Amino acid sequence: MVHGQSMALTYAGQQERTALTEDGMELLIRRYGDSLLRLCTLYLRDPYLAEDAVQDTYLKVWRHYQGFEGRASEKTWITRIAINTCKSYLASSWRQRVETTEVTRVLEEGLQNSSGNQDAYEKLNNTMDLMKEIMELKDKYRLAILLYYYQELPVPEIAKIMGRQESTVFTLLKRGREQLKKKLPRDSKEVL
């Protein structure tokens, strides 16, 4: 198998790519579904909307599969589609009016439920503080940090997804971490 090529995305010995089969689509969903759902949840700050975004992402993959040129890895291509889908969701007028987030609510519930265990309470409180601050970063810093730390993508892949130079991604990560360190309590900074 060629680097960046998946079993789901085969050439069948032809120059032109054939249509994605149902089995190939199922393989993509099994391979990337959890990772995309986590990314979309963090990006959109709403698990229900994230599920919709992942479904829309896979519909776009299904429709545009033949246009995949293989210039980036399959994961990079699908992640870029997911991010663009999330950006479209965030740009919608009703979404801009939502003030509270589902991620924050879930973390706060967990914080209340763990109040008997001081270590768990502090760890969850630090996680909640960190997530709130990440979500407050400008889009370019937030996306770089989410892709690097939560999707565990290497910088070259992040650069392709974001359409930027690798050196720019390193700079975005550095500046994003610096902004987070300024905003976070001292005991939360060890995570960075």
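Residues numbered from 1 in each chain as written. Predicted model: local features only at pLDDT ≥ 70, side-chain atom pairs only at ≥ 80, totals over all residues. Heavy atoms only, no water.

Visitor: Explanation requested: the overall build of the protein in the structure shown.
Guide: Within the protein one finds 9 helices and 0 strands. Start at the N end of the protein and walk to the C end: the helices and strands fall as α-α-α-α-α-α-α-α-α. Residue pairs at least 24 apart in sequence account for 63% of intrachain contacts in the protein once pairs closer than 6 positions are excluded. Of the roughly 11,500 Å² that the protein leaves accessible, carbon and sulfur atoms contribute 48%. (Helix = DSSP H or I, 4+ residues; strand = E, 2+ residues; numbered from the N terminus. Contact = heavy atoms within 4.5 Å. Areas by Shrake-Rupley, 256 points an atom, 1.4 Å probe, with all protein chains shown as cover.)

Visitor: Before we go on, may I ask you to explain the pattern of salt bridges in this structure?
Guide: Two side chains of opposite charge can pair, provided their charged atoms sit close to one another. Inspection of every chain in the model, using the stated rule, returns 5 salt bridges. Ionic pairing is found between arginine 142 and aspartate 139, a salt bridge with its closest N-O pair at 2.5 Å. Residue arginine 142 and its partner aspartate 139 are located together in helix α7 (residues 139-150), separated by 3 residues, close to a single helical turn. Here arginine 142 falls in the buried class, since its relative accessible area comes to 2%. Overall, aspartate 139 belongs to the partly exposed group, its relative accessible area being 44%. (Salt bridge = Lys/Arg side-chain N within 4 Å of Asp/Glu carboxyl O. Buried < 20%, exposed > 50% of the residue type's maximum accessible area, 1.4 Å probe, protein only.)

Visitor: Got a minute to help me understand the nonpolar core in this structure?
Guide: One broad rule of soluble globular proteins: the nonpolar side chains tend to lie buried together. Core analysis: the largest hydrophobic core is formed by 47 residues, its most contacted members being Leu28, Cys40, Leu44 and Leu147. Looking at which element gives the most residues to this core, the answer is helix α1 (residues 22-44), with 9 residues. (Core = buried A, V, L, I, M, F, W, Y, C linked by side-chain atoms within 4.5 Å.)

Visitor: Help me understand the side chain of arginine 80 in this model?
Guide: As for its placement among the helices and strands, arginine 80 is situated in helix α3 (residues 74-91). Within the buried core, arginine 80 has no salt-bridge partner, and the shortest N-O distance to an opposite charge, that of aspartate 139, equals 9.8 Å. If we skip the residues at most four places from it in the chain, arginine 80 touches Lys87, Ile161 and Met162. (Lys, Arg positive; Asp, Glu negative; His and termini not counted.)

Visitor: Would you mind going over the packing of α1 against α3 with me for this structure?
Guide: Helices that pack against each other are described as a pair by the angle of their axes relative to one another and the distance between those axes. Contact pair α1 / α3: the axes reach a minimum separation of 10 Å and the direction vectors enclose 35°. The element α1 and its partner α3 pack so that their crossing is right-handed. Only Glu74, Lys75, Ile78, Thr79, Ala82, Ile83, Cys86, Lys87, Tyr89 and Leu90 of α3 make contact with α1, whose side of the interface consists of Leu28, Arg31, Tyr32, Ser35, Leu36, Leu39, Cys40, Tyr43 and Leu44. Its residues assigned to classes, the contact of α1 with α3 comprises 13 nonpolar, 2 polar and 4 charged. (Axes fitted to C-alpha atoms, helices over the stretch in contact; angles between N-to-C directions. Left-handed = near helix turned anticlockwise from the far one by under 90°. Nonpolar A, V, L, I, M, F, W, Y, C, P; charged D, E, K, R; others polar.)

Visitor: Help me out: how do you make sense of the environment of lysine 174 in this one?
Guide: Position of lysine 174 among the secondary structure elements: in helix α9 (residues 166-183). On the accessibility criterion, lysine 174 (49% relative accessible area) is partly exposed. Once the C-alpha coordinates of lysine 174 and isoleucine 145 are considered, the two residues, 29 residues apart in sequence, prove to be 9.3 Å apart.

Visitor: Please clarify how the environment of leucine 147 should be interpreted in this entry.
Guide: Along the chain, leucine 147 falls in helix α7. Among the residues examined, leucine 147 registers a relative accessible area of 0% and is labelled buried. In sequence terms leucine 147 and isoleucine 161 are 14 residues apart; their C-alpha atoms lie 9.2 Å from each other. Ignoring anything within four residues of it in the chain, the contact list for leucine 147 reads Leu39, Thr79, Ile83, Glu152, Leu153, Ile158, Ile161 and Met162.

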